[in-house]
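So you can see what is in the structure, the chains are spelled out below.
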There are 2 protein chains.
Amino acid sequence: MSKIKVIIADDHELFRNGLTELVKKQENIEVIGSVADGNQFLNIIKKNKEVDIVLLDITMPNMDGFDVLKKLKDIKSSIKPIIISMHNDGNYMAKCFKSGAYGYLLKNTDEKELNTAIETVYLGKKYFNTEVTEKMINFMSSNSVSEKIISKKETEVLMLISKGLTTKEIANQLFVSSRTIETHRANILKKLEVKNTAELIKKAVKIKLI
Amino acid sequence: MSKIKVIIADDHELFRNGLTELVKKQENIEVIGSVADGNQFLNIIKKNKEVDIVLLDITMPNMDGFDVLKKLKDIKSSIKPIIISMHNDGNYMAKCFKSGAYGYLLKNTDEKELNTAIETVYLGKKYFNTEVTEKMINFMSSNSVSEKIISKKETEVLMLISKGLTTKEIANQLFVSSRTIETHRANILKKLEVKNTAELIKKAVKIKLI
DNA sequence: TTTTACATCCGTATTTATACTTAATTTTTA
DNA sequence: TAAAAATTAAGTATAAATACGGATGTAAAA
């Protein structure tokens, strides 16, 4: 019987190597690669076509987990991604599954669940535990998943807001009326479904608008 | 020759177990315990007095790394703490060393450095690499250490701000006056040297305060 | 033990952001 | 080409944040 071939992608070397050691203990699983970001991962799978599963961290430099998911979808890869994240957050989970993830594990999971997840996903089934399922459902019901599209000007304004400029300062810099910027701000808040600037900036960072 | 006795404290089980496996590979080091928060750690060292080093994560539930450092100092423990953190930020580093840490490693360090750090600290010397030293110096020279450390309450307020709550809402939730929250906000802005909430949230995300 | 930071609160004033509305012009896209 | 979205702008009003100033008790650190 051939082993399940796994690649680990995480920017924290210590975590990556530790995880490798843990997975090594499983007889039916084999770690064939270990990378620190999405670019390195793509390079590996270009050369090595026989990869079953990638254990994927979300927050990585250069090319993060979301980008990798998107890429895998684009090239119609058969590699099944399992997200290993520290974000216990419905938003993240929904975005991952939407982007083609087969599983979502939290970093405080245990070896047993990790192995179950790998085996489940290897068979082509999705894996998510009760906790993740709950978070997802809560998120779905409360929030519309579809992210509204922020226009070019709005993005520009958003950048300046995040730099700490006021409406007036932004207006001066962009040579338009303050009222225009006010309108932009109101539209951005509406599109991202947030109450105020504080929440806006957090969300914008989260969905990589900034 | 007796082995160096190490305890690992981190709330992410996967990381903790992985780290244990990595350290196990060293012949002169022995992992005698593995805990998920500061309380568990204190319970262990009450029973077992022969501990040399604790590999300590900062962000943990119930009792975090800072609390543990403080406690170790209080009881005049001989256990030497090495921080293993994902916060690549002078603020954190300074606070840790001030609280009695013997070393500060980033989670993207490698096995080799980890072992070097453990061995160095075991001999009673402090360990910090070039990167950490640089960050520390930059931080120190930019401003006085204490001024930039965000207190626990301030962090709590910051979290609620980032969730989109207003001053009044935060005050209600924390059962204090709005004026108190206003003061906290003003102090946070000052400490992080930002002009307004928008810039604040961006910076807070950047240095992983939220 | 003296100082320093923390957490708590208030007065007063100004600036900034948000809410709700409407609407003209331009650009993009179906 | 017609419809949709983006960009521009405004009236009116309220809510929220920020800027100064000050204060007190407590806990921790030097």
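A quick note: this is a predicted structure, and the numbers were derived from the prediction, not measured. (Residues numbered from 1 in each chain as written. Chains lettered and ligands numbered in written order. Predicted model: local features only at pLDDT ≥ 70, side-chain atom pairs only at ≥ 80, totals over all residues. Heavy atoms only, no water.)

Re the confidence of the model for chain A
Which entries qualify depends on this criterion: On a range of 0 to 100, pLDDT expresses the predictor's confidence in each residue. Should any heavy atoms of two residues lie within 4.5 Å, those residues are considered in contact.
Taken over all residues, the pLDDT of chain A has a mean of 88, while the share at 70 or more is 92%. Long-range and interchain partners of residues 142–146 of chain A, a stretch whose pLDDT sits below 50, account for four contacts in this model, where long-range means more than four residues apart.

A word on the protein's contact with DNA strand C
Threshold: What makes a residue near a molecule or strand is one non-hydrogen atom of that residue sitting within 4 Å of it. Identification of polar contacts relies on pairs of N or O atoms within 3.5 Å, with a donor-acceptor requirement for protein atoms, meaning one able to donate a hydrogen and the other able to accept it, and with residues adjacent in sequence counted only if both atoms are side-chain atoms. Strands are runs of DSSP state E lasting at least 2 residues, helices are runs of H or I lasting at least 4, and numbering of each runs from the N terminus.
Around DNA strand C sit 17 residues, and of these Thr197(A), Ser151(B), Ser177(B), Thr180(B) and Thr183(B) come closest. Here the atoms of DNA strand C within 4 Å of the protein split so that 66% fall in sugar or phosphate, with bases taking the remainder. Between DNA strand C and Arg185(A), the relevant distance is 3.3 Å, taken from a phosphate oxygen to a side-chain nitrogen or oxygen of the residue. One nitrogen or oxygen atom from the main chain of Lys153(B) is found 3.5 Å from a phosphate oxygen belonging to DNA strand C. Put simply, the parts of the chain that give the surface near DNA strand C at least two residues each are α8 (167–174) and α9 (178–191) of chain A together with α9 (178–191) of chain B.

Overview of the protein's contact with DNA strand D
Condition: Each residue is assigned to one class: nonpolar for Ala, Val, Leu, Ile, Met, Phe, Trp, Tyr, Cys and Pro, charged for Asp, Glu, Lys and Arg, and polar for all the others, Gly among them.
As a matter of local geometry, DNA strand D sits amid 17 residues, with Ser151(A), Val176(A), Ser177(A), Thr180(A) and Thr197(B) nearest to it. Counting only the atoms of DNA strand D that lie within 4 Å of the protein, the sugar and phosphate share comes to 64%. Residue Ser151(A) places a side-chain N or O atom 2.2 Å away from a phosphate oxygen belonging to DNA strand D. For DNA strand D, a phosphate oxygen lies 2.9 Å from a polar atom in the side chain of Thr167(B). Sorting the residues of the surface near DNA strand D by element identifies α9 of chain A together with α8 (167–174) and α9 of chain B as the ones contributing at least two each. It is α9(A) that contributes the most residues to the surface near DNA strand D, five residues altogether. Looking at side-chain class alone, the surface near DNA strand D contains one nonpolar, nine polar and seven charged residues.

Observations concerning the interface of chain A and chain B
Our working rule: Once two parts are joined, some of their accessible surface, as seen by a 1.4 Å probe, is lost; buried area is that loss totalled over both. Take a side-chain nitrogen of Lys or Arg and a carboxyl oxygen of Asp or Glu: if they are within 4 Å of each other, that pair is a salt bridge.
Listed per partner, the contact involves 33 residues of chain A and 33 residues of chain B. Taken over both partners, the interface formed by chain A and chain B buries close to 2800 Å², and the fraction arising from carbon and sulfur atoms is 67%. The largest share of the area that chain A buries against chain B comes from Leu14(A), Glu21(A) and Lys202(A), three residues that together contribute 22% of it. Counting across the interface, chain A meets chain B through two salt bridges. The shortest N-O distance in the salt bridge between Glu21(A) and Lys25(B) comes to 3.1 Å. Taken together, the links from chain A to chain B amount to eight residue pairs in polar contact (both at pLDDT 80 or more). When contributions to the side of chain A that touches chain B are tallied by element, the ones reaching two or more residues are α1 (13–24), α5 (111–122), α7 (152–162) and α10 (197–206) of chain A. Looking at the side of chain A that touches chain B element by element, the count peaks at eight residues for α1(A). Considered class by class, the residues forming the side of chain A that touches chain B number 13 nonpolar, nine polar and 11 charged.

Structural notes on unusual backbone geometry
Residues and elements named next belong to chain A. Just so we agree on the cut-off: Each residue is placed in one exposure class: buried if its accessible area under a 1.4 Å probe, protein chains only, is under 20% of its type's maximum, exposed if it is over 50%, and partly exposed if it falls in between.
For asparagine 62, which is not glycine, the phi dihedral falls at a positive 65°. Looking at the secondary structure, you find asparagine 62 in the loop between β3 (53–56) and α3 (65–74). By relative accessible area, which is 63% here, asparagine 62 ends up exposed.

Focus on the packing of α1(A) against helix α1 (residues 13–24) of chain B
When two helices pack together, their arrangement is given by the angle between the helix axes and the distance between those axes. Put simply, the rule is: Between N-to-C directions, angles cover 0 to 180 degrees, with each direction set by a line fitted to C-alpha atoms, over the stretch in contact for helices. Just so you know how the angles are binned, under 35 degrees is roughly parallel, over 145 roughly antiparallel, 65 to 115 roughly perpendicular, and the rest oblique.
Running from amino to carboxyl end, α1(A) crosses α1(B) at an angle of 75°, the nearest separation of the two axes being 7 Å. Taken as axis vectors, α1(A) and α1(B) run roughly perpendicular relative to one another. Residues Leu14(A), Phe15(A), Asn17(A), Gly18(A), Leu19(A), Glu21(A) and Leu22(A) of α1(A) lie in contact with α1(B), whose contacting residues are Leu14(B), Phe15(B), Asn17(B), Gly18(B), Leu19(B), Glu21(B) and Leu22(B). When the residues that make up the contact of α1(A) with α1(B) are grouped by side-chain class, the tally is eight nonpolar, four polar and two charged.

Section: the environment of Gly100(A)
Residues and elements named next belong to chain A. By the element assignment, glycine 100 lies in the loop between α4 (90–98) and β5 (103–106). As a C-alpha pair, glycine 100 and methionine 159 span 59 residues in sequence and 29 Å in three-dimensional space. When neighbours within four sequence positions are excluded, glycine 100 is seen to be in contact with Leu69 and Pro81.

Some details on the sheet that holds β3(A)
All names here are of chain A. Inclusion rule: For two strands to be treated as a pair, DSSP must find at least two bridges joining them.
Read across the open sheet, the five strands follow the order β2-β1-β3-β4-β5; overall the sheet is parallel. Each having just a single partner strand, β2 (29–35) and β5 make up the two edges of the open sheet. Taken pair by pair, the neighbouring strands of this sheet meet at an average axis angle of 25°, ignoring direction. When strand β1 (residues 4–9) meets β2, the two strands line up parallel, connected through six bridges. Within β2, the residue paired with isoleucine 4 across the bridge is isoleucine 29. Sheet strands touched by helix α2 (residues 38–47): β1, β2 and β3. Its angle to β2, the strand with the most contacts, is close to 125°.

Things to note about the domain arrangement of chain A
This is how it is decided: Segmentation into domains, and thus their bounds, comes from an automatic or database assignment.
Each domain of chain A was delimited in the assignment, giving domain 1 (4–142) and domain 2 (152–206). For domain 1 of chain A versus domain 2 of chain A, the distance between C-alpha centres works out to 34 Å.

Some details on the side chain of Asp57(A)
Residue and element names in this part refer to chain A. In this structure, aspartate 57 sits in the loop between β3 and α3. Given a relative accessible area of 2%, aspartate 57 falls into the buried group. The contacts of aspartate 57, once residues within four sequence positions are left out, are Ala9, Asp10, Asp11, Gly65, Ile84, Ser85 and Lys107.

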